[in-house]
Amino acid sequence: ATEVIRQAPDPQVEMALAVCARVDWEQYPYLDPDEPDSRVVAQALTARGPSLESRIIVSHDIRPLTLAQQHGLRIFHIGDNWLRPKDKSEAEKRANSLKREIDEIRSRQPKLALSLSTSKDTVSVHRIRDLSSQEREAIQDTIFRLHPMPEQARDLIGAYTLFGQHDHTLSTRYKRWEEKVIPQFVRDYERKLELNFGHVEIVFRIENIGQVPADSLLIHLSIKGGWCNDRYVIASPAGPRSPSVRNLLLSHPHLPDHLFRSVAQRGKHDFVVQQVPARSTEVQISCSDFRHGYDYEYRMICWVDPRAEDFHVEAVVTAANLYGEIKEMVVVEKTIIESSVFDLVDPETLKFHKLPEIVELLSAAQSKDDFSDFEFDGNGWDKK
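These figures come from a predicted structure and were not determined experimentally. (Residues numbered from 1 in each chain as written. Predicted model: local features only at pLDDT ≥ 70, side-chain atom pairs only at ≥ 80, totals over all residues. Heavy atoms only, no water.)

Notes on the sheet that holds strand S13 (residues 282–290)
- Strand order in the open sheet formed by five strands is S11-S13-S8-S15-S16, with antiparallel pairing between adjacent strands. Two strands close off the open sheet at either side, each with one partner strand: strand S11 (271–273) and strand S16 (326–331). When the angles between neighbouring strand axes are averaged without regard to direction, this sheet yields 15 degrees.
- Where strand S15 (residues 312–318) meets S16, six bridges bridge the pair, whose relative direction is antiparallel. Each bridged residue has a counterpart across the sheet, and for Val316 the counterpart in S16 is Lys327. (Pairing = 2+ DSSP bridges. Helix = DSSP H or I, 4+ residues; strand = E, 2+ residues; numbered from the N terminus. Axes fitted to C-alpha atoms, helices over the stretch in contact; angles between N-to-C directions.)

Some details on the pattern of salt bridges
- This model, assessed by the stated rule, comprises 21 salt bridges.
- Across the pair Glu201 and Arg299 runs a salt bridge whose closest N-O atoms are separated by 2.8 Å. Taken together, the residues Glu201 in strand S7 (residues 199–208) and Arg299 in strand S14 (residues 295–304) connect sequence positions 98 residues apart.
- On the basis of relative accessibility, which here comes to 35%, the residue Arg299 falls in the partly exposed class.
- Here Arg205 and Glu207 are joined by a salt bridge, their closest N and O atoms 3.3 Å apart.
- Residues joined in a network through salt bridges with shared partners are Lys192, Asp230, Arg231, Arg279, Glu375 and Asp377. (Salt bridge = Lys/Arg side-chain N within 4 Å of Asp/Glu carboxyl O. Buried < 20%, exposed > 50% of the residue type's maximum accessible area, 1.4 Å probe, protein only.)

A few points about helix H2 (residues 62–70)
- Among the residues of H2, those classed as buried are Pro64, Leu65, Leu67 and Ala68. Down the axis of H2, the buried set is contained in an arc of 165 degrees. They therefore lie on one face. Opposite the buried face of H2, at more than 90 degrees from it, the exposed residues are Gln69 and Gln70.
- Check the buried side of H2 and you find it contacts helix H1 (36–46), strand S3 (56–59) and strand S4 (74–77).
- The opening residue of H2, the one whose side-chain oxygen lies 3.3 Å from the backbone nitrogen of Arg63, is Asp61.
- Trailing H2 by a residue or two, Gly72 shows a phi angle of about 85 degrees, which is positive. (Arc of directions from axis to C-beta. Contact = heavy atoms within 4.5 Å. Polar contact = N/O pair within 3.5 Å; in protein donor to acceptor, adjacent residues only side chain to side chain.)

Some details on the packing of helix H4 (residues 133–146) against helix H5 (residues 170–187)
- Contact geometry for H4 and H5: axes closest at 10 Å, N-to-C directions at 145 degrees. By crossing handedness, the relation of H4 to H5 is classed as right-handed. Together, Arg136, Gln140, Ile143 and Phe144 of H4 and Tyr174, Trp177, Glu178, Ile182, Pro183, Val186 and Arg187 of H5 make up the contact between the two elements.
- Along the lines of polarity and charge, the residues of the contact of H4 with H5 split into seven nonpolar, one polar and three charged. (Left-handed = near helix turned anticlockwise from the far one by under 90°. Nonpolar A, V, L, I, M, F, W, Y, C, P; charged D, E, K, R; others polar.)

Brief notes about the nonpolar core
- The biggest cluster of nonpolar side chains holds 33 residues, and the ones touching the most others in it are Ile206, Leu217 and Met300.
- Looking at this core, the elements that each hand over two or more residues are strand S5 (112–118), strand S6 (122–128), S7, strand S8 (214–224), S13, S14 and S15.
- With residues up to four places along the chain from it excluded, the contact list for Ile206 reads Leu112, Ala113, Leu114, Leu217, Ile219, Phe271, Phe290, Tyr294, Asp295, Tyr296 and Val317.
- Among the nonpolar cores identified, the runner-up in size contains 28 residues, and Phe144, Val186, Leu344 and Phe374 belong to it. (Core = buried A, V, L, I, M, F, W, Y, C linked by side-chain atoms within 4.5 Å.)

What to know about the side chain of Asn208
- With respect to the helices and strands, the residue Asn208 is situated in strand S7.
- What makes Asn208 buried here is its relative accessible area of 1%.
- Reaching out from Asn208, the side chain makes a polar contact with the backbone nitrogen of Gly210 at a distance of 3.2 Å.
- Asn208 has contacts with Pro110, Lys111, Leu112, Pro213, Ala214, Phe290, Arg291, His292, Gly293 and Tyr294, leaving out every residue within four places of it along the chain.

Considerations on the packing of aromatic side chains
- Within this structure, the stated rule accounts for nine aromatic pairs.
- Both rings, one in Phe144 and one in Trp177, keep their centres 5.8 Å apart while their planes meet at 70 degrees; by these two values the pair is edge-to-face. You can see Phe144 sitting in helix H4 and its partner Trp177 sitting in helix H5, a full 33 residues away along the chain. Considered together, Phe144 and Trp177 belong to a single accessibility category, that of buried residues.
- Summarising the aromatic geometry, the rings of Phe271 and Phe290 are spaced 5.2 Å apart at their centres and angled 80 degrees between planes, so their arrangement reads as edge-to-face. Here Phe290 lies in strand S13 and Phe271 lies in strand S11, a separation of 19 residues in the sequence. The pair Phe271 / Phe290 is uniform in exposure class, with both members buried. (Phe/Tyr/Trp six-rings, centres within 6.5 Å; stacked < 30°, edge-to-face > 60°.)

Let's talk about the packing of H1 against H2
- Where H1 meets H2, the axes come as close as 9 Å, and the angle between the chain directions of the two elements is 40 degrees. Relative to H2, the element H1 is oriented oblique. Taken as a pair, H1 and H2 cross one another with a handedness that is right-handed. Note on element contacts: H2 touches H1 through Arg63, Pro64, Leu67 and Ala68, opposite Asp37, Ser38 and Val41. (Parallel < 35°, antiparallel > 145°, perpendicular 65-115°, else oblique.)

Distances and angles like these do not, on their own, reveal function.
Okay, structure coming up:
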């Protein structure tokens, strides 16, 4: 009996077990009884029922089709779509298993999005030629001429006023400024002037866009070809400011800044800057528990060194439950201007011929009486 496995008309297919007579192999000298392909053809030749003309050998393999055709059987060569899918090798099975494990691990890790943005894609920097010893000495003399030691008021009898109005520390402080501070500044005068050019603001941003909090998050920012700072840096062509007369009645010892810092307890969701950048090339920021749906921004001022090859900032983020690390980088191009000191500064007044952009920002801040975004190079010497 046959079993219909495909209905007509295209085409109807019926299948049944074939009843085959015992094969007389002497009738088929070109068929090998030990070869599977030959046995299939021999059974097709000795099958009972269908006429020889209606029998068709169907195969994907060329070998049995060739044997069948040589013995007068009709043939049909089927395509690859008739074949069963190939079994995967053991190596493929192991690879797929590892991929499933990795996907499972990643499903349990945070999904973080990083970005680094700049206020400028390109900055102009000045590479200033070295001064001669005579030029350096002349600049130092001009600084002293422009900033003589201040005179202190006297009373009618020529003595200093009572109640400590006379600043007895002035001469000592001025002598130190004259003998140590200014010579050291003038020794690096070209490099100090270069600090007024090539500033760029870099903003790092991170957001947890997944559903899993990041544990023990660590952000490492590294700068190549310059440094970063928490404020803009300005170096006056006239050097660090000279000492002024102190009102000793109102003055008080300088206390370390850390005594005034907040002692509030940090929460586990807070971001902590391990060390505030101070013209440094690295910044590390940590957070114990960076929850999903939250974001954080960190702003820093970078200076592009005119003597370095290139400048870029790279961010690398890791976490205890993060597979591997995440990186992001931003590059700032620079235009180098070869200059001399006196291309930029008037030798008589030690003022800029044309104000650098950073000084223009300072002028805008002066109208608001807010200089918190600026650091004046060398002006903290008098507090030491």
